[in-house]
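Here are the chains, one letter per residue:
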Amino acid sequence: LPLPLPGWRRVSAPSPAAPAGPRREREWDDAFPTPTSVNYHFTRQCNYKCGFCFHTAKTSFVLPLEEAKRGLAMLKEAGMEKINFSGGEPFLQDRGEFVGKLVQFCKQELKLPSVSIVSNGSLIRERWFKKYGEYLDILAISCDSFDENVNVLIGRGQGKKNHVENLHKLRQWCREYAVAFKINSVINRFNVEEDMNEQIKALNPVRWKVFQCLLIEGENSGEDALREAEKFVISDEDFEQFLDRHKDISCLVPESNQKMRDSYLILDEYMRFLNCRNGRKEPSKSILDVGVEAAIKFSGFDEKMFLRRGGKYVWSKADMKLDW
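Residues numbered from 1 in each chain as written. Predicted model: local features only at pLDDT ≥ 70, side-chain atom pairs only at ≥ 80, totals over all residues. Heavy atoms only, no water.

Inclusion rule: UniProt positions are given in the numbering used here, feature names are shortened, and annotations may be inferred rather than shown by experiment.
The name given to the chain in an unreviewed UniProt entry is S-adenosylmethionine-dependent nucleotide dehydratase RSAD2, with Aptenodytes patagonicus as the source organism. What UniProt records for the chain under Sequence similarities (unreviewed entry) is the sentence "Belongs to the radical SAM superfamily. RSAD2 family."

Structure, rendered in structure tokens:
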């Protein structure tokens, strides 16, 4: 895919009378990143208690729908091409109606090339696909193990419900309603020895995003954290061994801690960019108050790392040519 040169869209051309060289270099240095792909964690509330969660339920705040739409329109104006709705659990708010209305707005009104959701999948019903499926490009379901006992240990237990069985049901609905299916897995001490080759190949997702368990102070580590994720942490060597065991899966997309920390644009429930470079989430001012340009300067976003990790890919289902 052709990639835009970072920053240049934002730099105004020098006047004909201005000197060309040094000024141009200064403009390039001062240019802020374009919010090409944004992860909007509009809620922190969740019905699961995953022990390594790094975006925990520290507040119950959710923006009013129209304010959220206003912020999304501002991001589109600033260059956003892909929006990913996450949480917490996105389908908790108004039984999925809130995220459904945002998905429809982003595809129908803003005409974004890619609209996606990350969910644990436990609250999604077929009626949601019937109403909003046409507006959704990608549904990513979090699944860290294909052993239900391990899921319970991690905190993804649903009582009598089976997380893995539900995963297969969601896979089928994605086929029926033409939504690209993706799987996200966090590799940690409880699943690092697992061989997932057979199950992933059977589910055949468009992408299998494999994360290394990450500590974020104030979220899953430290005195003021709601989780204690230290017992889930694995070494870089352990992570590499897991990746090597699954190297034949073509859709695998590995994400080490370094890639995760610097290369994601994260918006919290107040529409503040979260800077994770110092090991904790440091918020900017809200884009609703100061605008996208002023807020994104404090995001800590590494646009080069974003491109290097393959952050921009074929993310519109219209371009995927999938066999639904």
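Considering the environment of Asp-262
Put simply, the rule reads: Helix and strand definitions follow DSSP, with helices as H or I runs of at least four residues and strands as E runs of at least two, each counted in order from the N terminus. The criterion used for residue contact is that any of the two residues' heavy atoms lie within 4.5 Å.
Take Asp-262: it is sitting in helix α9 (residues 257-262). Those residues within four positions of Asp-262 in sequence are excluded, and the remaining contacts are Arg-277, Gly-300, Phe-301 and Asp-302.

Let's talk about the packing of helix α2 (residues 65-77) against helix α3 (residues 97-109)
We apply this condition: Here an axis means a line fitted to C-alpha atoms, over the contact stretch when the element is a helix, while the angle between two N-to-C directions is reported on a 0 to 180 degree scale. With the far helix as reference, a near helix turned anticlockwise by less than a right angle produces a left-handed crossing, and one turned clockwise produces a right-handed crossing.
The interhelical angle for the contact between α2 and α3, taken along N-to-C directions, is 35 degrees, at an axis separation of 11 Å. Seen from above, α2 lies across α3 with right-handed handedness. On the side of α2, the interface is formed by Leu-65, Ala-68, Lys-69 and Leu-72, while α3 contributes Phe-98, Lys-101, Leu-102, Phe-105 and Cys-106.

So, a positive patch on the surface
Let me state the cut-off plainly: Only residues above 30% relative accessible area that lack a salt bridge enter a patch, with like-charged residues linked at up to 9 Å and the nonpolar side chains Val, Leu, Ile, Met, Phe, Trp and Tyr linked at up to 5 Å. Each accessible area is a Shrake-Rupley result for a 1.4 Å probe, and residues are judged covered by the shown protein chains and nothing else. Whenever a carboxyl oxygen of Asp or Glu lies within 4 Å of a side-chain nitrogen of Lys or Arg, that contact is scored as a salt bridge. Charge counting treats Lys and Arg as positive and Asp and Glu as negative, with His and both chain ends excluded. To locate a charge, take NZ of a lysine, CZ of an arginine, CG of an aspartate or CD of a glutamate. With a 1.4 Å probe rolled over the protein chains alone, any residue whose accessible area is under 20% of its type maximum counts as buried; one over 50% counts as exposed, and the rest are partly exposed.
A grouping of Arg-95, Arg-125, Arg-127, Lys-161 and Lys-169 is seen on the molecular surface, where their side chains present a positively charged patch. In this fold, Lys-161 is placed in the loop between α5 (148-154) and α6 (163-176). Overall, Lys-161 belongs to the partly exposed group, its relative accessible area being 47%.

Quick look at the nonpolar core
Heads up, the condition is: Remark: nonpolar core denotes a set of buried residues (Ala, Val, Leu, Ile, Met, Phe, Trp, Tyr, Cys) joined through side-chain atoms within 4.5 Å.
Among the nonpolar cores identified, the biggest contains 67 residues, and Tyr-40, Leu-72, Ile-83, Phe-85 and Trp-208 are the most heavily contacted of them. Ranked by the residues each element gives to this core, the list is headed by α3, at six residues. Once residues lying within four places of it in the same chain are set aside, the contact partners of Ile-83 are Val-38, Tyr-40, Leu-72, Cys-106, Leu-112, Ser-114, Val-115 and Ser-116. In terms of nonpolar packing, the next biggest core, distinct from the first, is built from 16 residues, Phe-52, Ile-154, Phe-232 and Tyr-264 among them.

As for α2
We apply this condition: To estimate how far a helix should extend, the number of its residues minus one is multiplied by 1.5 Å. The arc refers to the directions leading from the helix axis to the C-beta atoms.
Spanning 13 residues, α2 covers 19 Å between terminal C-alpha atoms, matching the ideal 18 Å at 1.5 Å per step. For α2, the full list of buried residues reads Ala-68, Lys-69, Gly-71, Leu-72 and Leu-75. Here the buried residues of α2 occupy an arc of 160 degrees about the axis, which is enough to place them on one side. Away from its buried face, by an angle of more than 90 degrees, α2 presents the exposed residues Glu-66 and Glu-77. Phi turns positive one or two residues past the end of α2, at Gly-79, with a value near 120 degrees.

Quick look at the pairing of strand β6 (residues 207-212)
Let me state the cut-off plainly: By definition, two strands form a pair when at least two bridges between them are found by DSSP.
Most of β6 sits inside the fold, with six of its six residues counted as buried. Burial of β6 is two-sided: the residues Arg-207, Lys-209 and Phe-211 facing one way and the residues Trp-208, Val-210 and Gln-212 facing the other way are all buried. Note: strand β5 (residues 180-187) against β6, six bridges, orientation parallel. Opposite Val-186, over in β6, you have Phe-211 as the bridge partner. Of the strand pairs in this sheet, β6 and strand β7 (residues 252-255) are connected by four bridges, and their pairing is parallel. The partner of Val-210 across the bridge, within β7, is Pro-254.

A closer look at unusual backbone geometry
Of note, the bond from Gly-87 into Gly-88 is cis; its omega dihedral lies within 30 degrees of zero at 15 degrees. Non-glycine residue Asp-94 carries a positive phi angle of around 55 degrees. Tracing the backbone through its elements, the reader meets Asp-94 in the loop between β2 (82-86) and α3. Residue Asp-94 is classed as partly exposed on the basis of its relative accessible area, which comes to 48%. The residue Met-271 is not glycine, and still its phi comes out positive at about 60 degrees. One can find Met-271 in the loop between β8 (266-267) and β9 (272-275).

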